[in-house]
Amino acid sequence: LFNQQADSAVPFLVIIPIILICLTAIGWTRDDIIEDQVSNIWIPTGSVTNDNKKRAEEVGKGETKVSNFATVAIPRDGGNVLTESHLKEIYERMEKLESTTVEYKGMTYTWEDICASNNVGLGTTYKFPCLRISPMDFFQESGWFFKEADRVTWYKEVIQKRLVYPRVPRFGIMSQVCSSQGGATSQSSACDHQLGLRSSPDYAVANGFDASYANPLLLLSDVGSLEMNDPCKICIEQSFEGLMEQFTATTIGMFQAIAFELNRLLESGNVTDIDEITQMRELLIKVGTLSQTVQRADVEEWYRYYVIRGLYSQLGASAYVNQYTAFVTQLSTICLLSPSGCPPTTIDEQEAGQHLRDHADADFSSVTTAGIPFPFWDSSDGTGNLFEGNSPVGGSGIDMSGTIFSSTRYLDLQNFQKDAWSPLYNGQYIDPLSPNSTWAGLVETDPVYRWFIGSVTPMTASCGNGYLTGTNFTNNPSNVNDITAAALAAVSQQWCTKYNLPFEEDQEMTQKHFATMWYDLLVDSPSFLGITQGQSSPYDWTLGTGCGYSLGGSRASYTNKSESSILRIASEILYNIDEGVSVGAIDTNILMGGTFPLVGDYSPSNPLQFVKAVQNIYPAAGRLVIPDRVKNCNRPGGAVNLTVPEAQELLEKFKEVFEKVWSEGWNDPNSGKVQFVFFSDDQGGATGTVAEILNAFTLANGQLTTISIVIIAVFSAIFLFSFDHVESRVLVTMVGVTLVVLSFFAALGLGILSGIKISVSMAWTLPFIILGLGVDDMYIVLLSLKNNRVESKEGFVAAMKEVIVPVSMTSLVNVAMFAIMNIVDIPGVYKTAQMAVIAVTLLYFTIMFCFPAYCYLDIKRQQAGRLDLLVCIKREASTEEDAENDVSEPEGGFIYHRIYKHLVVKSSPLSVFFKIISIIGTAGLMGVGIYGITEREIGLGLQDFFPENHQAHRWAVISSEILGSWSGAMQWGEEDYTNPDTQLFIIKQFEQVVATQHTAESNTKSLWLANFNIWMSRQCTANFDRSDPDVKECGMDQVFEDDTTCSGFWMPNTYNAREKVFSEGGQCVVNEEGICRPTSQMHHLDLIELGIDPTNPGDKANASWCPVFQDFSDEKLQFCLTRWHKYTGGGGALIKNEATKTPNPDCNGEFYNDALIETPIRFSQSPTIFFFNLFSHRDYLNMLEETREVCDDVDRVVCWMSGIPFDYWEQYLTIEEVLLKASAAAVGAGFGVAFLFLFAKLMSEKRHTTGKIALGSFIGAFLIAMTTLLSLIGVVGISVISGVSLTAFSAMAFLLSVGFAIEYSVHIVHRFMEAPQSMIEPAKRLDYAMSFLTLPTFMSFVSSTIGVVCLAFTEFEFTERFFFRPLIAVMFITYWIGCWFLPVVLSFMKIDALRCGAEADNGGFVPGEEVDVDEKEQAPEMDSTEMVQAKNDEEIEP
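Residues numbered from 1 in each chain as written. Predicted model: local features only at pLDDT ≥ 70, side-chain atom pairs only at ≥ 80, totals over all residues. Heavy atoms only, no water.

Undergrad: Explain the overall build of the chain here, please?
TA: Scanning the chain for helices and strands turns up 49 helices and 19 strands. Taken against the 2.2 N^0.38 rule, which gives 35 Å for 1438 residues, the C-alpha radius of gyration of the chain at 45 Å runs more than 25% over that of a compact globule. Its C-alpha atoms give the chain principal-axis dimensions of about 160 × 75 × 65 Å. When burial is assessed residue by residue, the chain has 58% of its 1438 residues classed as buried. (Helix = DSSP H or I, 4+ residues; strand = E, 2+ residues; numbered from the N terminus. Rg over C-alpha atoms; globule rule 2.2 N^0.38 Å. Buried < 20%, exposed > 50% of the residue type's maximum accessible area, 1.4 Å probe, protein only.)

Structure follows, in structure tokens:
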């Protein structure tokens, strides 16, 4: 090899550099070369978390569809954050943040484009505000983000469709059908108790309720909140379904009969008058249309408004009595001027009720739509005069005062087209135009007939907010008319809004259109709900479903409130805008930190006294969701087509912009009283804050790496510089450093091409370590050539043969050591080790196959007398005097001969003293190291990771010290989900995780499986507010193709799962907890199916039952799951066939929620779980251990925990074991490879017996392993004492000590063993080894230390702590142990097995051995190296 490099240097000079340049260029120009996913750095590949990630990825669930942003606010002065001034600052910053836009590829995007949820159902995307979780939701002022369009959507989709529409008709059923007070329509007394509680304070108190519980309006809440097993609820639902079906059939039959009879009449020829025929045909068209178009939804609509009419009378009568008296009394002197006199000054509630019903039945008024129920006007259309008639003003325009379905009597509908048919006609045919009053009295007064005829009868009008008219007395004494006009204007109500179309400008619609408008406005009016469409929001009008909230109330305000008042408000239960309907109460553990009392200990009766910080959580859509979002037809500015990669870029831009906007001025003490800091996760397929910092860290080493390379090059040049400008080797040294640097970057390029991304651990360790190892081998080569005074090809080859063995051996051992580190399953360790293997390999080939060729050229330069660096210039020929004075520096140089030899090699008191001190010092180092190891701490907090000059560091400090919360989830793999035992086991698992000390409360029904099981039981509530009245939405109503239904059953609570918490005495239940039920709360039909008598359950009275299902085929399970998902919204992140979902024909880019669920179920997930009180690594580890004990560690089902805490802190569960395992493997690998190499090398020389070689190799390998182990102990212990905790990063730095320890010890042990046989004494053998190795090892130590010292100047505390501190310990400890303590040990080892060198073949002279003048004269001719050594060697005692 070296002969070829001397003979044909050019290929060796260029081929490898070209390869290195190509690898560098190709590798470094690839995209995505930086590892910015923290999970890919420190989640052990053999860990539970990594296995679980693979499971999720295998089924396409490896990427979340949501990414969370956390925004924190904290007072700069450390005071209470919940003050009016602080909250105003937070309000303003939130408003600014949520109004942020991003420009991307020429388009403007808003927060609504990327937030996780901005709808309340189909067709409402972009018409509802984005979901957020914030403690600001305590306060009314937070309603600012409800824009006008959002408020309209909320009114229509929530107030009308989910509150009024389903509850009002059921209220009618409750009071009229299920109550003994319902009169003729009463069928049951099941609701008497509930009606009594809400109607009578005395009854409420007598039954254990507060007197304030008696509020009739709250019956609207009750009809929705009563348990499905409550007798009142059962009666309501059964009666409602039965009546609506009956009413629908009757209505359709009625119009079909009328149409049939009208047609029969016209065909008979009995009607001859043209006008009558025309009227008949117009009526026939109307009823014919109705007979074909009326559906159940239409009938439910009519019944709803019919009940509202009754409610107006029932609930308003009492207040109307007082209003009536006050009005008449106020105008008592004026009414005397009326010809008809004054009305009675008092009325009873029965009369009041009739007045209100008359008002509802009166004509619609375009002048003053609200009107007034007082019957004192001569016209109800708003144009009449006061005290001149008995009509109210305004009304619905449809009189529903008649008897329901009186038309059926007229038609004898029950017997229609039967032999017994006997209609009440005046003659043989129907007679709508007959002067006989039967038609008018029975048909035209029928509320059902009038309502539906009104739906096809045109009417021109508009919604008006004019004033009520006053008197119009002709004599007008004392300006009475003006007085009454002013008085009536003051009491006129203005119900209409611009959304009540037509508004203030007449337009032709239908009578029913204006009637529904009037009734809707009546419900909205102050008399009922007191809500205004387009103005009211969930912050100033509450549903009353949340604890502490009332129907029609509002959230509290902080404006003009004292600090204690605001704290008392924040001591209440926190809800999102739905007041807990979908997600329950919000656990404030995740939103408020540094509270006193602690979260869970405070309440309105024991209110908060202090809150240090608050946090908002903004869920954003992932990159897989955003493309569909921006295609939506409702998107302001128009639909946009985005690819998934573009969506990723957009999401990442939003994260950057949100961080900038929210954290603006975070480090400026003059920027407000509140400090704002931000964090975004790396979920949703887009990088966040951690990735941003990782990128910054990884790329920030360039300057320091460059500086270290320059310093190493300068240092190397200085040591190899000579004032003899020909003998100087600066140029070849620069070439060597360049080749080492190029090899390193080529190694990185090759690693990148092989799929290894550059991680922060690589960036901050390998440049400073590998370059040190590389230049060390370069020093060995250069100093061997220098010390041997090589001047010929033969000398060159001989010198290279001398170094190839130790260089090969150290490279091989280092490769083996780094390779063996692949047993460590932390990517940050093993991928760094893999890159190191590539680097060491390339360095070896460069140093052995390329650099020697440059060295040989340099030798030729010297032979030609050309100057170093200035190779074109030759030195003048040497004189004899120059030759005589040319006595080169002895081998080993100044350091060895003036320092090292006296301390370690020579036999002298100083040497003895030094050896004692070195042994004691090393023992002390080991003691300190062991002590340090026992004091180790585990983990790297985010506050340690983020640089102090970055706002995320402040966020991390607040998070770790004050808030300490994260989100996560439980996930399950493929299981037999149709097994009831499995279902209940999974439900119990979820509850056990929720019960752990660091996990926030979450109701069991939020778990998809629990929700699905409830849906298939009689406790299903999906039919309450279904979107299509004709389609039932509960599981028991879904009929599969085999005529079975999606029905479950109840089984005994064998796993002691949580039971649902029920309200007692009207007390609000904050958290329902479980889904299982005691016997007393079971539906009576379920008990019957279980074989239990509901009236006498016997020994089952105290039993507990849970909903389950079984014996579902995959096809039926798919059918039921898909229907459940369609009707309830589903959950569980179940795998769906997205290609099967149905597009919304009314809105491009929107789809129905009907994609087929894949079965068997291969993956499912819990709802988001929040973990809190995580203030230390021990807290995190406790949380991991507690949750995994009931999830990951259980063999019954495949369950695993997921989320940032499990990604980030996973490694700390096993980091000690990993470090111990890796250290043992590295030490063992060093021992094994060293032994094999020494044994093979010595056996190939055939100088000694196999036994001696084996023993010598064993001892040598043991010494190398001992050096490595001692170095590890010292490095780990000293690093721990200096504040370095155990992490994947510090573990990598610790393990690099093995490389340096091996680098030093292999060279020294090998050369010590290879010393000539004539050197019997250890001192001489040591002199032989160290006279050659002191300088290169010292240069290697200094050059590597220079590189590491550069790390001390990093701006990142993280790199200083986790890389500089351990690596500087590596430098000094390995140098001390390897180059000082190991030689001291060798100086005592007079062991024959270690004498494996060659016999002297030069007449007895051996370099390094004492030679006097006579011996020198008698000695055979020596080469130049031996002469220099003999001339300068100092005396060494035998």
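Moving on from the coordinates now.
Undergrad: For this particular structure, what's the right way to read the pattern of salt bridges?
TA: Side chains that carry opposite charge are capable of pairing whenever their charged atoms lie near each other. For the structure shown, the criterion picks out 50 salt bridges. Put simply, Glu1138 and Lys1136 hold a salt bridge, and the shortest N to O gap is 4.0 Å. When its relative accessible area of 32% is taken as the criterion, Glu1138 is described as partly exposed. Counted as one network, the salt bridges with shared partners bring together Glu227, Lys1005, Lys1060, Glu1072 and Arg1077. (Salt bridge = Lys/Arg side-chain N within 4 Å of Asp/Glu carboxyl O.)

Undergrad: I would appreciate a short explanation of the state of the cysteines in the present structure.
TA: Formally, a disulfide is one covalent bond, and it connects the sulfur atom of one cysteine to the sulfur atom of another. One pass over the full model with this rule turns up 11 disulfides. Through a disulfide, Cys1020 is tied to Cys1034; the S-S separation comes to 2.0 Å. Across the disulfide from Cys1020 to Cys1034, rotation about the S-S bond amounts to roughly -90 degrees, and the bridge is consequently left-handed. One end of the pair, Cys1020, is in the loop between helix H38 (1008–1015) and strand E12 (1049–1052); the other, Cys1034, is in the loop between H38 and E12, with 14 residues separating them in the sequence. A residue is classified by how much of its surface remains accessible, and Cys1034, at 5% relative accessible area, is buried. We note that Cys850 lacks a disulfide partner, and the nearest cysteine sulfur, in Cys855, lies 9.5 Å from it. (Disulfide = S-S within 2.5 Å.)

Undergrad: Looking at this structure, I do not really get the sheet that holds strand E9 (residues 613–621). What am I missing?
TA: Sheets are built from strands paired through backbone hydrogen bonds, the pairs being either parallel or antiparallel. Reading across from one edge, E8-E9-E1-E10 is the order of the 4 strands in this open sheet, with antiparallel pairing throughout. At either end of the open sheet lies a strand with only one pairing partner, and these are strand E8 (592–593) and strand E10 (674–680). In this sheet, E10 lies alongside strand E1 (residues 66–75) in antiparallel orientation, the contact comprising 7 bridges. Bridge pairing in E10 links Ala73 to Phe676. (Pairing = 2+ DSSP bridges.)

Undergrad: What exactly am I supposed to notice about unusual backbone geometry here?
TA: Among all residues except glycine, the phi angle is most often negative; among peptide bonds, the trans geometry is most common. Backbone torsion omega between Phe596 and Pro597 reads -5 degrees, so that peptide bond is classified as cis. Mapped onto the elements, Pro597 comes out in the loop between E8 and E9. Of note, the bond from Thr1159 into Pro1160 is cis; its omega dihedral lies within 30 degrees of zero at 0 degrees. Its location among the elements puts Pro1160 in the loop between strand E16 (1156–1157) and strand E17 (1164–1165).

Undergrad: Looking at this model, I keep getting lost on the sheet that holds strand E13 (residues 1077–1078). Mind explaining?
TA: Judged by pairing direction, the sheet is antiparallel, and its 3 strands sit side by side in the order E12-E14-E13 without closing on themselves. In the strand order of this sheet, the two ends are held by E12 and E13, each with one partner. Of the pairings in the sheet, the one linking E13 to strand E14 (residues 1104–1108) comprises 2 bridges and is antiparallel in character. Looking at E14, one finds that Arg1077 is bridged to Trp1105. Taken strand by strand, helix H37 (residues 980–994) contacts E12 and E14, and its axis lies near 70 degrees from that of E12. (Contact = heavy atoms within 4.5 Å. Axes fitted to C-alpha atoms, helices over the stretch in contact; angles between N-to-C directions.)

Undergrad: Would you mind showing me how to read helix H41 (residues 1177–1190) here?
TA: Since the α-helix turns once every 3.6 residues, residues separated by three or four places project in the same direction. A rise of 1.5 Å per residue sets the reference length of H41, with its 14 residues, at 20 Å; its end C-alpha atoms lie 20 Å apart and thus fit the reference within 8%. Within H41, burial applies to Asp1179, Tyr1180, Leu1181, Met1183, Leu1184, Thr1187, Arg1188 and Val1190. Against the buried residues of H41 lie helix H4 (48–58), strand E11 (966–972), H37, strand E18 (1169–1171), strand E19 (1199–1203) and helix H42 (1204–1209). (Expected span 1.5 Å × (residues − 1).)

Undergrad: Can you walk me through the environment of Asn475 in this structure?
TA: Along the chain, Asn475 turns up in the loop between strand E6 (458–461) and helix H19 (480–491). Once the C-alpha coordinates of Asn475 and Leu337 are considered, the two residues, 138 residues apart in sequence, prove to be 9.7 Å apart.

Undergrad: I would appreciate a short explanation of the side chain of Asn500 in the present structure.
TA: Tracing the sequence through the fold places Asn500 in the loop between H19 and strand E7 (507–510). Residue classification places Asn500 among the buried positions, given a relative accessible area of 9%. Within the local environment of Asn500, its side chain forms a polar contact with the backbone nitrogen of Thr497, the two atoms lying 2.7 Å apart. If we skip the residues at most four places from it in the chain, Asn500 touches Cys463, Trp495, Met517, Leu521 and Gln533. (Polar contact = N/O pair within 3.5 Å; in protein donor to acceptor, adjacent residues only side chain to side chain.)

Undergrad: How should I be thinking about the packing of aromatic side chains in this particular structure?
TA: For any pair of aromatic rings, the description consists of the separation of the ring centres together with the inter-plane angle of the planes. Under the defined criterion, the tally for this structure stands at 85 aromatic pairs. Ring geometry for Phe209 versus Tyr213: centroids 4.6 Å apart, planes at 40 degrees, classification tilted. Taking 5.7 Å as the distance between ring centres and 55 degrees as the angle between the ring planes, the aromatic pair formed by Phe945 and Phe946 counts as tilted. Taken individually, Phe945 and Phe946 each receive the classification buried, so the pair is uniform in this respect. Aromatic rings pair up to connect Phe679, Phe945, Phe946, Trp955, Trp966, Tyr1180, Trp1209, Phe1358, Phe1362 and Phe1363 into one cluster. The residue whose ring lies beneath Arg132 is Phe145, and the NZ or CZ to ring-centre distance is 3.7 Å. Taking NZ or CZ as reference, Arg198 lies 3.7 Å from the ring centre of Tyr213, over its face. (Phe/Tyr/Trp six-rings, centres within 6.5 Å; stacked < 30°, edge-to-face > 60°. Lys NZ or Arg CZ within 6 Å of the ring centre and 35° of its normal.)

Undergrad: Is there a simple way to explain the environment of Thr1122 in this structure?
TA: Take Thr1122: it is sitting in helix H40 (residues 1114–1128). You can call Thr1122 buried: its relative accessible area is 9%. Separated by 14 residues in the primary sequence, Thr1122 and Lys1136 place their C-alpha atoms 9.0 Å from one another. Residue contacts for Thr1122: discarding those within four places in its chain leaves Asp1154, Ala1155, Leu1156 and Ile1157.

Undergrad: Would you mind showing me how to read a nonpolar patch on the surface here?
TA: Together, Val10, Val14, Ile15, Ile18 and Ile19 make up an exposed nonpolar region whose accessible area comes to about 430 Å². Counting through the fold element by element, Ile15 comes out in helix H2 (residues 9–28). A relative accessible area of 45% places Ile15 in the partly exposed class. (Patch = residues over 30% accessible without salt bridge, like charges linked within 9 Å, V, L, I, M, F, W, Y side chains within 5 Å. Areas by Shrake-Rupley, 256 points an atom, 1.4 Å probe, with all protein chains shown as cover.)

Undergrad: Explanation requested: the side chain of Thr978 in the structure shown.
TA: Here Thr978 shows up in the loop between E11 and H37. What makes Thr978 buried here is its relative accessible area of 16%. A distance of 2.6 Å separates the side chain of Thr978 from the side chain of Asp976, its partner in a polar contact. Apart from the residues lying within four places of it in its own chain, the contact partners of Thr978 are Gln983, Phe1109, Gln1110, Asp1111, Phe1112 and Leu1117.

Undergrad: I keep staring at the pairing of E14 and nothing clicks. Help me out?
TA: Within a regular strand, the side chains alternate between the two sheet faces. Burial of E14 is extensive: 5 of the 5 residues sit out of reach of the surface. Residues of E14 alternate between two faces, with Ser1104, Cys1106 and Val1108 on one and Trp1105 and Pro1107 on the opposite face, all of them buried. Of the strand pairs in this sheet, E12 and E14 are connected by 4 bridges, and their pairing is antiparallel. When the bridges of E14 are listed, Pro1052 appears paired with Trp1105.

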